[in-house]
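Coordinates in review
So the chains spell out like this:
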Amino acid sequence: MLRLIGLMISIGFADSLNPSTIAPAMYLATGKRDPRRQVAEFTLGVFLVYLVGGLAVALGPGELVLDLAPHPRPELKYVFEILGGVVLLTISVLLWAFRKLLAQRQLPEVRSDGRSSAILGATISAVELPTAFPYFAAIAAVVSSGYGIWHRVFLILIFNVTFVLPLVGIIAVLQFAGPNAQRVLATSRRWLERHWPVTLSVICLVAGAFCVLIGVTGLIGLHHSRAGSIARKIRKIVAH
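Notes on the structure in this doc start here. Quick caveat: nothing in here was measured; it's all calculated off a predicted structure.

1. Focus: the overall build of the protein
Counting its secondary structure elements, the protein contains 11 helices and 0 strands. Along its sequence from the N terminus, the protein presents helices and strands in the succession α-α-α-α-α-α-α-α-α-α-α. Looking at the protein as a whole, 42% of its 240 residues qualify as buried. The contacts in the protein between residues at least 6 apart in sequence include a share of 90% that link residues at least 24 apart.

2. Notes on the packing of aromatic side chains
According to the stated counting rule, one finds 4 aromatic pairs in the structure shown. Look at Y50 and F163: their rings are 4.4 Å apart centre to centre, the planes differ by 10 degrees, and that puts the pair in the stacked class. Here Y50, found in helix α3 (residues 35-59), pairs with F163, found in helix α9 (residues 149-163); they are 113 residues apart in sequence, far enough to count as distant. Of the two residues, Y50 and F163, both sit in the buried class. Ring centres 6.4 Å apart and planes at 10 degrees place the aromatic pair F159 and F163 in the stacked group. Here F159 pairs with F163, and both are found in helix α9, just 4 residues apart, close to one helical turn. Of the two residues, F159 and F163, both sit in the buried class. Members of the aromatic cluster, connected to one another through ring pairs, are Y50, Y135, F159 and F163. The ring of W96 carries R99 above its face, with NZ or CZ at 4.0 Å from the centroid.

3. Structural notes on the pattern of salt bridges
This structure, assessed with the given rule, holds 2 salt bridges. Salt-bridge contacts for D34 lead to R37; the nearest nitrogen and oxygen are separated by 3.2 Å. We classify D34 as partly exposed; its relative accessible area is 39%. On the basis of relative accessibility, which here comes to 36%, the residue R37 falls in the partly exposed class. For E41, the salt bridge is made with R37, and the minimal N-O distance between the two is 2.7 Å. Highlighted residues: E41 and R37, both in helix α3, separated by 4 residues, approximately one helical turn. By relative accessible area, E41 is classed as partly exposed at 24%.

What counts, and at which threshold
- Residues numbered from 1 in each chain as written.
- Predicted model: local features only at pLDDT ≥ 70, side-chain atom pairs only at ≥ 80, totals over all residues.
- Heavy atoms only, no water.
- Helix = DSSP H or I, 4+ residues; strand = E, 2+ residues; numbered from the N terminus.
- Buried < 20%, exposed > 50% of the residue type's maximum accessible area, 1.4 Å probe, protein only.
- Contact = heavy atoms within 4.5 Å.
- Phe/Tyr/Trp six-rings, centres within 6.5 Å; stacked < 30°, edge-to-face > 60°.
- Lys NZ or Arg CZ within 6 Å of the ring centre and 35° of its normal.
- Salt bridge = Lys/Arg side-chain N within 4 Å of Asp/Glu carboxyl O.

Below you can see the structure in the form of C-alpha cells.
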C-alpha cells in the first residue's frame with residue numbers, strides 16, 4: 001500500500017502543476033470579487049470532477065476487468081507503476097523539447113463575472129480529463145493492484161488531494177499574505193508564464209524516475225521472492 005501511496009502522490013503532484021488549472025485560479029485570485037471564495041469554489045469544482053471521473057473509471061471498467069480476471073498476475077501492478085513513470089518521462093521530454101515555443105504562448109485567461117467559479121473549475125476539468133494520461137496510468141496501477149474497493153477509493157482520493165494542492169496553496173496565500181497577497185500572486189503568475197515548461201519538465205522527470213524506480217524494484221523483489229520459493233521447494237525435494 002505504501003508503494004501505491006507514494007505513486008499517487010508523485011504522479012498527482014507532477015500532474016497538479018498544470019497551467020490549465022493554475023492559471024485560471026491565479027486570475028480569479030487577482031480579481032476584485034471575493035477572490036478567496038472564487039478560488040475555493042474553483043478548486044472544489046476541479047477536485048470533484050477529477051475525483052468522480054477517476055472513481056468512475058476505477059470502479060466501473062476497472063471493476064469489470066477484476067471480475068474477468070479475479071487473480072491478476074502480481075507483475076501487472078508493477079508494470080503499470082513503470083508505465084506511469086514512462087508517461088511522466090515522455091511528458092518531461094516533450095516539455096523540454098518545446099519549452100521555448102510553449103513559454104511564448106499566453107496562459108489561459110478566464111472571466112468569471114456572472115457565473116459560478118465552481119462550474120468554471122468543473123468545466124475545465126471535464127475538458128482536461130479525457131487527456132489526463134498520467135491520471136489514467138495511476139488509476140491502472142490502482143486497479144491492477146488487486147486491492148478492494150475502499151482501498152482503491154482511498155488511493156484515488158490521495159491522488160486528487162495532491163492534484164489540488166497548488167490551488168489550495170493559492171487560497172492559503174490569499175488567507176495569510178494579507179494586503180500583499182494579490183501582488184505576490186501576480187508576480188508568481190508572471191514567473192509561471194516564463195518558466196512553467198521547464199519547471200514542469202523537471203518535476204515530471206523526477207516524478208517519472210521515481211515511479212519507474214519503485215516499479216522496477218517491485219519486479220526485482222517479486223522475482224527474488226519466487227526464486228527463493230523455488231529454491232526452498234528444491235531443497236525439500238532433495239531432503240526427501
